[in-house]
Amino acid sequence: MGLLKSLFSGKTSGNLPAFTDFSSIKTDIHSHLIPGLDDGVQTLEESLQMIRGFQSLGFQKLITTPHIMSDYFKNTPQIIQSGLMELRGALRHEGISMEIDAAAEYYVDEMFLKKLNDEPLLTIGEKTVLIEISYVNPPENLQQVLFEIHLLGYTPLLAHPERYPFWYGKFEEYRNLKDAGVMLQLNVNSLAGYYGAGARKTAERLIDEGLIDYIGSDLHGQRHLDVLSKVIKEKYLRKLMAGGVKNSLL
Ligand SMILES: [Fe+2]
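The sections below set out a description of the structure shown in this document. (Residues numbered from 1 in each chain as written. Predicted model: local features only at pLDDT ≥ 70, side-chain atom pairs only at ≥ 80, totals over all residues.)

## As for the overall build of the chain
In terms of regular secondary structure, the chain is built from 9 helices and 9 strands. The C-alpha atoms of the chain give 18 Å as radius of gyration, which agrees with the globular expectation for 250 residues (18 Å, within 12%). In terms of overall dimensions, the chain has C-alpha extents of about 50 × 50 × 30 Å along its principal axes. For the chain, with 250 residues in total, the buried portion stands at 39%. (Helix = DSSP H or I, 4+ residues; strand = E, 2+ residues; numbered from the N terminus. Rg over C-alpha atoms; globule rule 2.2 N^0.38 Å. Buried ≥ 20, exposed ≤ 12 C-beta atoms within 10 Å, placed from the backbone.)

Pasting the structure below:
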């Protein structure tokens with residue numbers, strides 16, 4: 001019902017359906033909602049407020065992804081799981097019906113290779129590992145990391161590919177990543193220009209070339225929720241949603 005309602009209510013632009021919310025997407029797979037674990041939400045109240053916001057935008061499930069980054073956010077699967085349990089308890093207590101799971105957003109640094117080999121990673125679904133890289137330079141060992149991720153039976157999913165300026169003039173890099181079995185997750189707010197003109201332009205081209213597998217909110221707080229509630233009107237988001245992303249399969 002959600003999909004049909006979203007597809008056929010409201011006006012259309014060209015041949016694109018006018019989605020009124022994210023109910024056809026169903027699941028958000030990238031956010032920072034466990035209080036105090038990273039640079040995302042800091043209090044339980046804020047977290048509940050954000051989750052109510054997701055609910056009002058039509059999301060039915062959240063897979064929240066705290067940062068794991070050696071230098072700044074020394075989270076472990078145990079810390080994240082215990083934060084998830086507390087958050088689920090608070091949702092029950094408040095009577096908020098939202099399914100919530102946790103994975104992690106792994107920063108590819110020196111320690112990541114070690115973690116990869118030493119412990120089971122927190123995944124999205126059965127085997128998808130959300131990774132991010134430096135905004136300044138691609139990691140020298142990226143190919144090796146991707147190779148090892150695959151070797152261990154995981155599938156890499158690169159967060160916000162449109163936010164890495166060193167690839168803006170080298171679009172073949174994105175195609176090479178896809179050829180190497182890397183899936184790509186677009187930050188939906190990029191389509192509203194939230195991360196700047198370069199990110200927006202790159203996001204649109206990634207959509208035009210059919211390279212995006214998933215969308216994510218990458219929500220850290222109210223500022224992102226505000227943009228998320230408006231971005232649904234953007235033509236490129238409608239194009240992406242009409243073409244199908246894999247979110248609803250999770
Ligand atoms: Fe993130």
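## Observations concerning the packing of helix H2 (residues 44-56) against helix H3 (residues 77-94)
It is the contact of H2 with H3, at a shortest axis distance of 11 Å, that shows an interaxial angle of 65°. Comparing the axis directions of H2 and H3 gives the class roughly perpendicular. For the element pair H2 and H3, the recorded crossing hand is right-handed. Residues Leu44, Ser47, Leu48 and Ile51 of H2 touch H3, and the partners they reach there are Leu87, Ala90, Leu91 and Glu94. When the residues that make up the contact of H2 with H3 are grouped by side-chain class, the tally is 6 nonpolar, 1 polar and 1 charged. (Axes fitted to C-alpha atoms, helices over the stretch in contact; angles between N-to-C directions. Parallel < 35°, antiparallel > 145°, perpendicular 65-115°, else oblique. Left-handed = near helix turned anticlockwise from the far one by under 90°. Contact = placed C-beta atoms within 7 Å. Nonpolar A, V, L, I, M, F, W, Y, C, P; charged D, E, K, R; others polar.)

## So, unusual backbone geometry
Within the chain, His160 stands out as a residue other than glycine whose phi angle is a positive 30°. Locating His160 in the fold gives a position in the loop between strand E7 (155-159) and helix H6 (172-179). Residue classification places His160 among the buried positions, given that 24 C-beta atoms sit within 10 Å. Notably, Asp218 is not glycine yet its phi reads approximately 50°, a positive angle. Take Asp218: it is sitting in the loop between strand E9 (214-216) and helix H8 (222-231).

## Let's talk about the environment of Ser190
Residue placement: Ser190 occurs in the loop between strand E8 (183-187) and helix H7 (197-208). Classification of Ser190 by C-beta neighbours within 10 Å gives buried; the count is 29. A C-alpha to C-alpha distance of 6.7 Å links Ser190 and Ala203, two positions 13 residues apart in sequence. Beyond its immediate stretch of four places on either side in the chain, Ser190 contacts Glu162, Tyr195, Ala199, Arg200 and Ala203.

## Points about helix H9 (residues 235-243)
Among the residues of H9, those classed as buried are Tyr236, Leu237, Leu240 and Met241. Projected down its long axis, H9 carries its buried residues within an arc of 135°, all on one side. If you follow the buried residues of H9, they end up packed against H7, E9 and H8. The positive-phi residue at the C-terminal boundary of H9 is Gly244, with phi of around 100°. (Arc of directions from axis to C-beta.)

## Examining the sheet that holds strand E1 (residues 27-28)
The strand order E1-E2-E4 describes an open sheet built from 3 strands, whose pairing is parallel. With partners counted over all chains shown, the strands left at the sheet margins are E1 and strand E4 (99-102), one partner each. Bridge count between strand E2 (residues 61-64) and E4: 4 bridges; the pairing is parallel. Note on E4: the bridge partner recorded for Lys61 is Glu99. (Pairing = 2+ DSSP bridges.)

## Side note on the sheet that holds E7
Strand pairing within a sheet occurs via backbone hydrogen bonds; the two strands may be parallel or antiparallel. If you walk across this open sheet you meet the 6 strands as E3-E5-E6-E7-E8-E9, and the pairing is parallel. Either end of the sheet is taken by a strand with one partner, and the two such strands are strand E3 (67-68) and E9. Direction of pairing for strand E5 (residues 105-107) relative to strand E6 (residues 128-132): parallel, over a ladder of 3 bridges. Across the sheet, Glu105 pairs through a bridge with Leu130, a residue of E6.

## Some thoughts on the nonpolar core
Among the nonpolar cores identified, the biggest contains 65 residues, and Tyr106, Leu130, Ile131, Leu157, Val231, Leu237 and Leu240 are the most heavily contacted of them. For Leu130, the contacting residues outside a window of four places in its chain are His30, Thr65, Ala103, Ala104, Glu105, Tyr106, Ile124, Leu157, Ala159 and Gln185. (Core = buried A, V, L, I, M, F, W, Y, C linked by C-beta atoms within 7 Å.)

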